[in-house]
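Chain by chain, the residues:
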Amino acid sequence: RQVLSKYFSQEIISKLEEEGVKSLYPTQLLAIKNGVLDGENIVLSAPTASGKTLVAGLAALKHLEEGGKVLYLVPLRALASEKYKEFKKFFGAFGYKTVLSTGDYDSADPALGKYDVIVTTNEKADSLMRHSAPWFPSLTLIVADEIHLLGTEKRGATLEVLLTRILMSEDTPQLLGLSATIGNLEDVARWLHAKPVKVDWRPVVLREGVYYDENIFFADGSTRRIDSLGNSVLSLTYDTLRESGQVLIFSPTRRAAVAEAKKVANISRKFVAEGSKRVLQEASRKLVSLHADKLTHELAELLLRGVAFHHAGLSGDAREIVEDLFRAGHIKAVVATPTLAAGVNLPARRVVITDYRRYNVELGYQESIPVMEYKQMAGRAGRPKFDKEGEAILIARSFEEVEYLFKKYIYAEPENLQSQLGSEPVLRSQLLAVISTDEKIRSMDMLEKFLGRTFFAQRYGTFGILPLARKNLEKLIAGGLIEEKNGVLNPTFLGKRIAELYIDPDTALEGIRLFKEHESLEVLGYLFLVSKTPDMTTIGVRRGDYEYLEEVLEDRGREIPYQVPQDEIEYEFFLSYLKTALLLEDWINEVPEDSIVEKYDVGPGDIYSLTQTAEWISFSLSQIAEILGFHEHSVKLSILSKRIAHGVKEELLELVALKGIGRVRARKLYEHGYRSIYDLAVADEKELLRIPGFGPALVKAIKQQLKSPVESQEEVEGERLEEAEQI
Ligand code: ADP
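Things to note about the sheet that holds strand β8 (residues 205–212)
Here we have 8 strands laid out as an open sheet, ordered β10-β9-β8-β17-β14-β11-β13-β12, and mixed in their pairing. Edge strands, defined here as strands with exactly one partner in the open sheet, are β10 (223–225) and β12 (307–310). Across the sheet, the mean angle separating the axes of adjacent strands is 20° when strand polarity is ignored. With 7 bridges joining them, β8 and strand β17 (residues 389–395) adopt parallel strand pairing. Its bridge partner lying in β17, Val-205 is registered against Glu-389. Across the sheet, helix α16 (residues 399–410) lies against β8, β9 (215–218) and β17, angled at about 150° from β8, the strand it touches most.

Section: the domain arrangement of the chain
Each domain of the chain was delimited in the assignment, giving domain 1 (2–198) and domain 2 (424–502). Using C-alpha coordinates to define each centre, domain 1 is positioned 28 Å away from domain 2. Every contact between the two is made by 24 residues of domain 1 and, on the other side, 18 residues of domain 2. Both faces combined, the contact of domain 1 with domain 2 buries some 2200 Å², and carbon together with sulfur accounts for 57% of it. Summed over the shared surface of domain 1 and domain 2, the number is 0 salt bridges. Residue assignment for the side of domain 1 that touches domain 2 shows that the elements contributing at least two residues are α6 (122–130), α7 (155–168) and α8 (185–191). The greatest single-element share of the side of domain 1 that touches domain 2, amounting to 8 residues, is contributed by α7. Of the residues assigned to the side of domain 1 that touches domain 2, the class counts are 8 nonpolar, 7 polar and 9 charged.

A few points about unusual backbone geometry
The phi torsion at Asn-486 lies on the positive side, around 45°, for a residue other than glycine. Looking at where Asn-486 falls in the secondary structure, it is placed in the loop between β18 (482–485) and β19 (488–491). On the accessibility criterion, Asn-486 (81% relative accessible area) is exposed. Despite not being glycine, Glu-590 shows a phi value in the positive range, around 65°. Within the element layout of this structure, Glu-590 appears in the loop between α25 (568–588) and α26 (593–600). Relative accessible area serves as the criterion here: at 16%, Glu-590 is assigned to the buried category.

Describing the environment of Leu-501
Structurally, Leu-501 can be placed in helix α21 (residues 493–501). In this structure, the C-alpha to C-alpha distance between Leu-501 and Asp-106, residues 395 residues apart in sequence, is 5.4 Å. Setting aside residues up to four positions removed in sequence, Leu-501 forms contacts with Asp-106, Trp-616, Phe-619, Ser-620, Gln-623 and Ile-624.

Description of the site of the ligand
Ser-23, Gln-28, Ala-49, Lys-52 and Thr-53 are the nearest of the 14 residues found near the ligand. The separation between an oxygen atom of the ligand and a polar main-chain atom of Gly-51 is 3.2 Å. Contact with the protein chains removes 75% of the 550 Å² of surface that the ligand exposes when unbound. Ranked by the residues each element gives to the shell around the ligand, the list is headed by helix α4 (residues 52–65), at 3 residues. Here the shell around the ligand is composed, by residue class, of 6 nonpolar, 7 polar and 1 charged.

Scoring rules and cut-offs
- Residues numbered from 1 in each chain as written.
- Predicted model: local features only at pLDDT ≥ 70, side-chain atom pairs only at ≥ 80, totals over all residues.
- Heavy atoms only, no water.
- Pairing = 2+ DSSP bridges.
- Helix = DSSP H or I, 4+ residues; strand = E, 2+ residues; numbered from the N terminus.
- Axes fitted to C-alpha atoms, helices over the stretch in contact; angles between N-to-C directions.
- Contact = heavy atoms within 4.5 Å.
- Domains from an automatic or database assignment.
- Buried area = accessible area lost by both parts, 1.4 Å probe.
- Salt bridge = Lys/Arg side-chain N within 4 Å of Asp/Glu carboxyl O.
- Nonpolar A, V, L, I, M, F, W, Y, C, P; charged D, E, K, R; others polar.
- Buried < 20%, exposed > 50% of the residue type's maximum accessible area, 1.4 Å probe, protein only.
- Near = heavy atom within 4 Å.
- Polar contact = N/O pair within 3.5 Å; in protein donor to acceptor, adjacent residues only side chain to side chain.
- Areas by Shrake-Rupley, 256 points an atom, 1.4 Å probe, with all protein chains shown as cover.

And the structure:
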């Protein structure tokens, strides 16, 4: 109270108490001592759950009370929604409005200006800046959460440029970076003109150890004997559950996670509480009703036995069900891939890391995971308020490995963050973005100055990046995206639009090349183009895929606007583009989700992210075609992007525009003779109720929409998930 009373009114302090803040954590005290409430730029590095979010909360509150405006940046969409929910409640208690903005990259979202706290992903913030969002200059505090992700490929560089641009803006707002433990906190802080603040305090004590031959060897010198069940993971699981704890197991791959969860089920099923059985049955039924594929079915089965797997192949709603059940204690064990450690906050008393090695697909061999990743996983151990202490256990395969693991991970400091700006696709995208939105940066000199302000340059100077920048600038000039006249760089209309559309300039140039060569393409041709662009993630080709992919190539090769490459590696890429294009084609031809999952060996979560990206690329290409006068390409790509968004044939596009109507319901309506909005408007409600799956609430909602003006685009976008929830 004493510390806070220097900054806040008694009224605010009382409200804070009502919100559960009765005293401050050491993390918060230290941040305040270092001036976070006095407007100082700070980079705060502290373990998970040590109260970093509240540091941001207090700083934000201070700004809001003074009439300021806050931007809160996170690296992932899932995290953005998590924070949004938390902040809506927290700031709402003080009368401030919070908004979440993650979708549509092609908008300046002027409406966001009405809110006090804006939560967005780094990418969305970058896109808003490219659109010169009018409220950007009125921001007084910018919080960059998980700032250590600066060091991750691709996305790290986006954050780096975003922060550089903020640093170079006039009236730089206060900056607060929140980070996991990193090696070179000082460097990052210096770059941001901020004070480094490092906190080691954790709300729950963390004990790290290595398991080998029926014993856990802890870093504090103690050991714990574990009853052996013949398998390390099972023994450790049993040992945790029997003492009413929960266990979070990290497996290196999706496949391993599923297999491990099946093994664990034999143990966890004995620990399902009587009171949890019904909850689990309900959750299991809900899952199966949402998704009919094999993967989701396996998960639903496992839930009944008190365990789940968790990886990016699962749909977002399935993952959320797993997280909620674990938090509520209904399931006792979760086996996850390491992506979980970077995203959701899902602590458990014991964390087991089954393998410190990981297969690097690009390099083709096993490598050790970084210390930073180990620390992230280990940091999940210990549930605040539930556990006295948390344990993070690595598994050794030999006695020698015990010592090795201690040295390599437990006693080791996390690696230094490295700039990722050397990544060419990001660099060329960002060069275009900077030149097309920042009127001050219109010459090579200014560009050099800009690059000199990056984290990359702080470490290596600009000579490492300048040649790469020049090379890519020339490419942008040659492609007609930037014009150079007497040393002045100006974006062309096309270049500006490409920057706004938030696609890699190479994606656009590839499209333009094809538009010039062909008057029109088949649907598969467009889908192949989309799959081939650098913005698209493609799916890998397995040995068993060759036969059918080569058959398709034989039968339908003419629809693909590219020569089949001779080079073996390029050929492999070619087939993966084809496979991705075929998946998208099945999706827009209304092939059921479970069949796609089976045929392409992907999860529903993959289908979702692939289609989201593909929709965006085809929309962008359609816009570019329009600008350049390729009208037919533009129309076809525009229809295609809508079909991808909804997963339907063209004839259903009118119906899926309605809220609550997705691909499955639209098809049912169509089959029952309702083929347009008009048909529905004149339809008898009783008749509609006869269609299987159409209840009174849905029919009423449909009718209502037909009365009111067309709903906003945003609602239409949210609809695909919604249908899944309602079925
Ligand atoms: P981090 O952002 O460092 O991962 P959080 O801010 O999410 O950690 O804090 C973890 C938990 O601790 C949250 O449930 C939060 O409500 C709680 N917490 C943080 N600070 C305080 C405090 N001063 N008093 C009470 N609870 C707090």
